[in-house]
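One letter stands for each residue in the lines below.
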Amino acid sequence: MRRFQVLILLFLVLVGCRNQSANNQSKKIAVIVSTLNNPWFVFLAQTAAAKAHSLGYETRIFDSQNNTALETDHFENAIASGYKAILLNPTDANGSVVNVNRAKAAGIPVFCMDREVNSANAATSQILSDSYSGSVDVGKYFVQAMHKKGKYAELLGLVSDNNTWNRSKGFHSVVDYYPGLKMVAQQGAEFDENKAMEVMESILQAHPDIEAVFCGNDAMALGAYQALISAGKAGKVKVFGFDGAADVVQSIKDGKIAATGMQFPQVMAQTAAIYADEYFKGKRDFPRKIPVSVELVTQKNVTNYIAFGKKN
Amino acid sequence: MNKKLKYGIWLVLLVIVAYNSVYFKKLDSMKALKAGNFDAVAYANNYLRKMLPAISNNAINIDQLLNGLKLAPQKTFDTYSKALDIGSIRFFLVRGKAKIINIDDSDVYLLTDGSHSSIKIATEYIFGNAVRDASGLIHINDFSNTSDLNNISAETNKIIRQQILPSFKAQAKKGDDIEFFGAVEMKSSHPDIDDVEIIPVSLNIIH
């Protein structure tokens, strides 16, 4: 009788495990990312997909190519194809709201990664870099490195992305306290390296006496640095970035770029995948927004960091 | 009914309806309403003047903090640090007594009662979230708008810069003994106990 009870218990445990596994396998998670034309977003999407896969879910990455209409197609495709959750890196803070609401109406939770949508209740949760606070730290270091005086330029990212303005506002919340620091140019370069190089070339022609440039991401910092090399000003104009890309981490070590704000895409991507898993298990009380801290990387502490994160 | 009286009644009714249908408000007040009615200045004042002093006894003594970070960093972070963000940046609410050993444009350098000399009070760069986050009194889910949280930090720092520091900077000199209460930022991944900067909430020169 006792052996029989043990066998029944064992059978129930095995059935339970098989059902749990089958349950996860039957659920698919879509990872919809703004672009795969930037290593930062490739890392974000692949990490989210890998984490969801490791939790037992079938995953697929959709590339929106910075096009909100294409993102809409991906949402329609994901809803029609039976995806049960979406891990989203939106193309546009306002334009993407309608897509998130469409998924919500279909009963599909959406977890935003890194970029936010301008709606308090559309996404189940938004896991975002604390760009404002990170830029406050970059701004403080900028003031110290410039000894509170000098002319500088700013390269902005995509005007439709909240991160662009959070970074700019955080930076200016510090730098604008110092009247000796004068911004002589503020131009958009769409987070793009080539565009940043072109914009920086024209800024240098109009303002050859600038001493620093603050860039809203590392791709633009690298583009700005290329323009400085062409103009024979590398090393004379301090370059500040934001992201923590591999080339910039190396450039800080080499003394070419002054500093960057290190974001942690791995933390955001994994948290989003874990939240989706918890949602399937019944959790509903997610924080609407959860910020992920950004750390200042300079020549003093760069050895603690690697691309998109920290050394273990 | 007299025609004049009839028209008169209609006219009065029309004026009453028209008067109650149209409201005039200042454009500034409407803009403020649209932007959200959170008053960061009032919140920051209340936070610094009432909320923080009420829990000042919860602050860890600076010598106890530095000894803890040296001997049992993880336990010290788990027990005493707070943060709104996910990640390695954490904040401690601290208090203590110390002697001023040096003063420069950005900081006042201290030798604590416990003989730690790697401590300084920030007097120039009062930025960031240390004071906002170190108490654990402010919760992210209480604010639907991220900019409100950013504004609490900005306004809190502004009050410290404009109202708390000037008198201290004017009076403090090398050799003075002081009492302080404030906040410290520290990375849990790489705690740097050789360069500890305190953002002050209150400062008293004892003698």
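All values reported here derive from a predicted model rather than from experimental measurement.

A. Region of interest: the overall build of chain A. Of regular secondary structure, chain A possesses ten helices and 14 strands. Seen through its principal axes, chain A has C-alpha atoms that stretch 90 × 40 × 30 Å. Looking at chain A as a whole, 54% of its 312 residues are labelled buried. Sequence separation of 24 or more characterises 73% of the internal contacts of chain A that already satisfy a separation of 6 or more. Of the roughly 13400 Å² of accessible surface on chain A, a fraction of 52% belongs to carbon and sulfur atoms. Across chain A, the 32 positively charged side chains and the 28 negatively charged ones have centroids separated by 9 Å.

B. How the structure looks around the nonpolar core. Residues Leu87, Met113, Leu155, Met200, Val213, Cys215 and Val239 of chain A are the most contacted members of the largest nonpolar core, which totals 60 residues. Residues within four places of Met200 of chain A in sequence aside, it is in contact with Ile210, Val213, Ala224, Ala227 and Leu228 of chain A. Within the second largest apolar cluster, 51 residues are counted, among which are Ile55, Val131, Ala183 and Val184 of chain B.

C. Region of interest: the confidence of the model for chain B. Residue and element names in this part refer to chain B. Here chain B averages 89 in pLDDT, and 90% of its residues register 70 or above. When the criterion is pLDDT under 50, residues 23-35 qualifies, and its contacts beyond four places in sequence or with other chains add up to two contacts. For this predicted complex, the interface confidence score (ipTM) comes to 0.80, while the overall pTM stands at 0.82.

D. The pairing of strand β2 (residues 89-103) of chain B, seen in detail. All names here are of chain B. Here strand β1 (residues 60-61) pairs with β2 via two bridges, running parallel. Within β2, the residue paired with Asn61 across the bridge is Arg95. Relative to strand β3 (residues 107-112), β2 is paired through five bridges, and the arrangement is antiparallel. Each bridged residue has a counterpart across the sheet, and for Ala98 the counterpart in β3 is Thr112. Two successive antiparallel strands, β2 and β3, enclose a turn made up of three residues.

E. Spatial organisation of the packing of aromatic side chains. All names here are of chain A. Under the definition given, this model contains 23 aromatic pairs over all chains. Here the aromatic rings of Tyr141 and Phe240 are separated by 6.4 Å at their centres, their planes lie at 65°, and the arrangement is edge-to-face. Taken together, the residues span a long stretch of sequence, with Tyr141 in helix α5 (residues 131-145) and Phe240 in strand β9 (residues 238-240) at a distance of 99 residues. Summarising the aromatic geometry, the rings of Tyr279 and Phe280 are spaced 6.4 Å apart at their centres and angled 80° between planes, so their arrangement reads as edge-to-face. With a relative accessible area of 18%, Tyr279 lands in the buried category. Chaining the aromatic ring pairs together yields one cluster made of Tyr57, Phe111, Tyr275, Tyr279, Phe280 and Phe286. Sitting above the plane of the Tyr275 ring, Lys283 keeps its charged end 5.8 Å from the centroid.

Rules of the game
- Residues numbered from 1 in each chain as written.
- Chains lettered and ligands numbered in written order.
- Predicted model: local features only at pLDDT ≥ 70, side-chain atom pairs only at ≥ 80, totals over all residues.
- Heavy atoms only, no water.
- Helix = DSSP H or I, 4+ residues; strand = E, 2+ residues; numbered from the N terminus.
- Buried < 20%, exposed > 50% of the residue type's maximum accessible area, 1.4 Å probe, protein only.
- Contact = heavy atoms within 4.5 Å.
- Areas by Shrake-Rupley, 256 points an atom, 1.4 Å probe, with all protein chains shown as cover.
- Lys, Arg positive; Asp, Glu negative; His and termini not counted.
- Charge placed at Lys NZ, Arg CZ, Asp CG, Glu CD.
- Core = buried A, V, L, I, M, F, W, Y, C linked by side-chain atoms within 4.5 Å.
- pLDDT = per-residue confidence, 0-100.
- Pairing = 2+ DSSP bridges.
- Phe/Tyr/Trp six-rings, centres within 6.5 Å; stacked < 30°, edge-to-face > 60°.
- Lys NZ or Arg CZ within 6 Å of the ring centre and 35° of its normal.

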